[in-house]
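This is what each chain is made of:
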Amino acid sequence: MKVIVTKSYEESCRIAADMIRDEVAQNPATKLGLATGSTPIPVYYHLVEMFQKGEVDFSEVHTVNLDEYWGLSPDHPQSYHYFMQENLFSHINLNPQNTYVPKGTGDAAQNTAELTQKVYEGGVPSIQLLGIGANGHLGFNEAGPTLVANAHMQALTQSTIDANSRFFEAKDKVPTLAITMGMREILAAKTPLLIATGAAKAQAMHGLLVGDEITTQNPSTFLKLHTGTVVIIDEELAIMSGAK
Ligand code: GLP
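Within every chain, residues take consecutive numbers counted from 1 along the sequence as written. Given that this is a predicted model, residues contribute local features only at a pLDDT of at least 70 and side-chain atom pairs are listed and counted only at 80 or more, while totals for whole chains, interfaces and linings are drawn from all residues. Water and hydrogen atoms play no part in the side-chain values, which are based on all heavy atoms of the structure.

Focus on the overall build of the protein chain
Counting secondary structure elements, the protein chain contains eight helices and ten strands. Since a compact globule built from 244 residues should have a radius of gyration of about 18 Å, the 17 Å found for the protein chain is in line with a globular shape. The principal-axis extents of the C-alpha atoms in the protein chain amount to approximately 40 × 40 × 35 Å. Classification of residues uses two cut-offs on accessible area relative to the type maximum, computed with a 1.4 Å probe and protein chains only: under 20% is buried, over 50% is exposed, and between them is partly exposed. Across the 244 residues of the protein chain, 52% fall into the buried class. Only heavy atoms matter for contacts: two residues are in contact if any of them lie within 4.5 Å across the pair. Intrachain contacts of the protein chain at a sequence separation of at least 6 include 77% that bridge at least 24 residues. Just so you have it, the protein chain exposes about 10600 Å², and 52% of that area is on carbon and sulfur atoms. When charges are counted, neither His nor the chain ends are considered; positive counts come from Lys and Arg and negative counts from Asp and Glu. In plain terms, the charge of a residue is placed at NZ if it is Lys, CZ if Arg, CG if Asp and CD if Glu. In the protein chain, which carries 16 positive and 26 negative side-chain charges, the distance between the mean positions of the two groups comes to 3 Å. Helical segments are the DSSP runs of H or I of at least four residues, strand segments are the runs of E of at least two, and each set is numbered from the N terminus. Atoms counted for the radius of gyration: C-alpha only. Globule rule: 2.2 Å times the number of residues to the power 0.38. For every accessible area listed, the method is Shrake-Rupley and the probe measures 1.4 Å; residues are considered covered only by the protein chains on display.

Comments concerning helix α3 (residues 80-87)
The set of residues buried in α3 consists of Tyr80, His81, Phe83 and Met84. One side of α3 carries all its buried residues, which in axial view fall inside an arc of 165°. Where α3 is buried, its residues contact β2 (31-34), α2 (41-52), β3 (62-65), β4 (67-69) and α5 (158-164). The directions from the helix axis to the C-beta atoms form the arc being described.

Things to note about the packing of helix α1 (residues 9-26) against α2
Between the N-to-C directions of two axes lies an angle of 0 to 180 degrees, each axis being a line fitted to C-alpha atoms and, for a helix, fitted only over the stretch in contact. It is the contact of α1 with α2, at a shortest axis distance of 8 Å, that shows an interaxial angle of 50°. Relative to α2, α1 is oriented oblique. The hand of the α1/α2 crossing is right-handed. Two secondary-structure elements touch here, α1 through Tyr9, Glu10, Cys13, Arg14, Ala16, Ala17, Asp18, Ile20 and Arg21 and α2 through Pro42, Val43, His46, Leu47, Glu49 and Met50. Of the residues contributing to the contact of α1 with α2, the split by class is nine nonpolar, one polar and five charged. Here the word oblique covers every angle except those under 35 degrees (roughly parallel), over 145 (roughly antiparallel) and from 65 to 115 (roughly perpendicular). Helix crossings are classified by the rotation of the near helix relative to the far one: an anticlockwise turn of less than a right angle makes the crossing left-handed, while a clockwise turn makes it right-handed. For this classification, Asp, Glu, Lys and Arg are treated as charged, while Ala, Val, Leu, Ile, Met, Phe, Trp, Tyr, Cys and Pro are nonpolar and the rest, including Gly, are polar.

Side note on the pattern of salt bridges
Any two side chains of opposite charge can pair if their charged atoms end up close together. For salt bridges, the criterion is a side-chain nitrogen of Lys or Arg within 4 Å of an Asp or Glu carboxyl oxygen. Counted by the stated rule, this structure contains eight salt bridges. Linking lysine 7 and glutamate 235 is a salt bridge whose minimum nitrogen-to-oxygen distance equals 3.8 Å. Separated by 228 residues along the polypeptide, lysine 7 in the loop between β1 (2-6) and α1 and glutamate 235 in helix α8 (residues 235-240) bring together distant segments of the chain. Look at the salt bridges and you will find they share partners, linking Arg14, Asp18, Arg21 and Asp22 into a network.

What follows is the structure, given as C-alpha cells:
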C-alpha cells in the first residue's frame, strides 16, 4: 500500500486526476472504476478541465461505478446515475454505451449479476477511485460482523443514512438499501485509489493507516490486502488519524 500525504485536499484531488489522466494516456481503452460522494467531485472537475484543454481523450474509455441507491430511478437528483451525469459524463467525450452505473430499480439479482459482469468483462478496472464512509465503508460495503465478497444488495447502517441525509429533503427520504460492488470487485482493480479528507474520517483512516489489523468493522482495512492500493490523504487528516 502506498500512502501519499499532501498539503491539502485540493492537492489530493489534483494528484488523483493526474493519475487518471496518465492512465488514459497510456491505455486509451482502459476501464476506470468510479465513485460518488462529495470527496471525488474535484477530481471530476479536474478531469473535465483537462478534457476541455485537450489533455485527455475518453472516447475509448470504459467506466463502471461502485454503487447505487436502491429504489432511485436514474433521473432522481440524488441517484448516483444523476450524480455521474452532472459531475462527469455530460461534460466529456465518454461513449454512454461504455459507462455503467449499477441499476437501482428492477430485478435486484439480475442487477447485481450485471454489475459483476461489468467489472470483469474485457478486463478489470485499472484504477478504482474510492471515497470512504465515516465507519470505513467502501462503496456501500458497510461495517459489521461480516462482509460480502461479490456485488450485492446492502442494508445501510443508521450512521450512513444519517451522514447521507444531508443530500435529501428529510432523513426518511434516504434509501435504506443500495446495490454495491462487493469487496472482491473493489479489490479486483489494479490500483484501488482512495482519497480521504475531513475529521469525520479520522477513525476509519486510523484503522487503515495505523497497524496491520484487518476487520470487517472497518471495510477499508481490506485494502491492506492489495499491494497496488494507493491512499491519498491530506496532512491535516493524516495527523488527526495518527498516521503522521
Ligand atoms: C457514500 C458512498 C461512498 C462514499 C461515502 C462517503 O456512502 N456510497 O462511495 O465514499 O458516501 O462520501 P463523502 O465523500 O461524501 O464523505
